[in-house]
Amino acid sequence: MRHARPVRSLVVAAVLVALVGLLAGPQALPRATAQAPTVLKMQASWPAALTLYDNFKMFAERVEKLSAGRLKIETLPAGAIVPAFEVLDATHKKVIDGAHTWAAYWTGKHKAAVLFTGGPGGTFGMDFIDAMGWMYEGGGWELYQEFYRDVLKLNVIPIPILPAGPQAFGWFKKPIRNLADFKGMKCRQTGIAAEVFTEMGMRVVNLPGGEIIPAAERGVIDCAEWVGGIEDLKLGFHNIWKYHYTPGMHENVTIGELIINRDVWQKLGPDLQEIVKSAATETFLRWWVRWQKQNAEALRELREKHKVQILRTPNDILVEFLKAWDRIAAREAERDPFFKKVLESQRQYAALVVPAKRFMFPPYEFAANYYWPEKGGAAAAPATPAAPAKK
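The following paragraphs examine the structure supplied in this document. Keep in mind that this is a model prediction, so the values were computed, not measured.

1. Side note on the packing of aromatic side chains
Stage number 1. Evaluated as defined, the whole model comprises 21 aromatic pairs.
Stage number 2. Taken together, a centroid distance of 5.2 Å and an interplanar angle of 75° make the contact between Phe 147 and Tyr 148 edge-to-face. The two residues Phe 147 and Tyr 148 agree in class, both being buried.
Stage number 3. An aromatic cluster of at least three residues, connected via ring pairs, comprises Phe 116, Trp 134, Tyr 144, Phe 147, Tyr 148 and Phe 338.

Listed below in structure tokens is the structure:
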């Protein structure tokens, strides 16, 4: 019996400690070691100073917040690990975990790559919403995965993320009145657009965005196309050229992509995979609306501060571009079954949606011209609104 009291005391002490812990809350109890976040190293195909890179950073921020810090994206600009045009192969080989880039850079591997950006002319007159509709509601997503997995045989997962258009036609040192003025010039172009412009009589030079201005200063190129608006302002195109033509049909719809190494993707697990896909879709929309405002502000600055003449691209050039693209697309479809498969899928979706939207939607210029009349042939920049007509 004399040994019972110490045992009873120990029991009472243990109960008291437990009660104190419960009353104090979970903060008083020792915590399990927090799991370290998964960090993916990804590189862009553009410099960090550009708004395209802002899309990349917005995506990384959304992933970290949506995952409560469990997944983080380390964003790197072009050239940080590999050159801008080598991010696809680097992702496949797991030199990097992923990339923020543009599928049309891979047309040297397979021409169908451009179709997953939206493609010249939309394709078939589609706008951005139509192109994303084809991607998610018209079979595009399945073809997109098939393209990288089975056609290119690359160990990557692609996800659309960057609505980088509509893009301007380009920058010139003199006015371009018609197709004849355009022929023979040596201009910066990339991807399938370079092939189309070559067919139209232009000489093209393939350059990353960061190399355009140095090439112009050395006289390597006479004219250039990059994106338009804020992107071109940031690169300083107005310091070289004073004639800026818009729009273009080469990338009136153009969608950049996020690519992730497939092994890395599978290790994320279903919940983080869904977070990545949701963050990409949210970034697509949120960055796009911000970018529209930035482009409008840039056009005003280019015109008013830098005295750039912002002009409407002659229709005969745009029509000829579409004709040249149709010829190239037809040749490629005849040569390659997968190109034909994707092109026909887009044609079928566009045949349903584009005529319906043309009927249902008022032309953008209808109300725009009522409130903001254009002057001459210039592309309209933000201006003082016209007074409403009297009733």
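2. Quick look at the pattern of salt bridges
Stage number 1. Enumeration over the complete set of coordinates arrives at 20 salt bridges.
Stage number 2. When the shortest N-O distance is used, the salt bridge between Glu 146 and Lys 341 registers 3.2 Å. Here Glu 146, found in helix H5 (residues 140-151), pairs with Lys 341, found in helix H13 (residues 337-360); they are 195 residues apart in sequence, far enough to count as distant.
Stage number 3. Taking relative accessible area as the criterion, Lys 341 reaches 42% and is therefore assigned partly exposed.
Stage number 4. Residue Glu 225 pairs with Arg 188 through a salt bridge whose shortest N-O separation is 3.4 Å. Of this pair, Glu 225 sits in the loop between strand S8 (223-224) and helix H9 (229-235) while Arg 188 sits in strand S6 (residues 186-188), and the two are 37 residues apart along the sequence. Neither residue differs from the other here; Glu 225 and Arg 188 are each classed as buried.

3. Quick word on the sheet that holds strand S3 (residues 98-101)
Stage number 1. Ordered in space as S2-S1-S3-S10-S4, the five strands form an open sheet in which the pairing is mixed. The sheet is open, and its two edges are formed by strand S2 (71-76) and strand S4 (156-163), each paired on a single side. Between one strand axis and the next, the sheet turns by 25° as a mean value, whatever way the strands run.
Stage number 2. Where S4 meets strand S10 (residues 255-261), seven bridges bridge the pair, whose relative direction is antiparallel. Of the residues in S10, the one forming a bridge with Ile 157 is Ile 260.
Stage number 3. Strands S4 and S10 of the sheet are contacted by helix H4 (residues 128-137), whose axis makes an angle of about 160° with S4.
Stage number 4. Lying over the sheet, helix H11 (residues 270-304) contacts S2, S4 and S10, oriented at roughly 20° with respect to S4.

4. Focus: the nonpolar core
Stage number 1. Tyr 148, Phe 172 and Phe 182 are the most contacted members of the largest nonpolar core, which has 110 residues in total.
Stage number 2. Per element, the largest residue contribution to this core is nine residues, and it comes from H11.
Stage number 3. When sequence neighbours within four positions are dropped, the list of residues in contact with Phe 172 reads Phe 182, Met 185, Cys 187, Cys 223, Trp 241, Lys 242, Tyr 243 and Tyr 245.
Stage number 4. Listed in part, the seven residues of the second largest apolar core include Ala 131, Met 132, Phe 284 and Trp 288.

The rules behind these values
Residues numbered from 1 in each chain as written. Predicted model: local features only at pLDDT ≥ 70, side-chain atom pairs only at ≥ 80, totals over all residues. Heavy atoms only, no water. Phe/Tyr/Trp six-rings, centres within 6.5 Å; stacked < 30°, edge-to-face > 60°. Buried < 20%, exposed > 50% of the residue type's maximum accessible area, 1.4 Å probe, protein only. Salt bridge = Lys/Arg side-chain N within 4 Å of Asp/Glu carboxyl O. Helix = DSSP H or I, 4+ residues; strand = E, 2+ residues; numbered from the N terminus. Pairing = 2+ DSSP bridges. Axes fitted to C-alpha atoms, helices over the stretch in contact; angles between N-to-C directions. Contact = heavy atoms within 4.5 Å. Core = buried A, V, L, I, M, F, W, Y, C linked by side-chain atoms within 4.5 Å.

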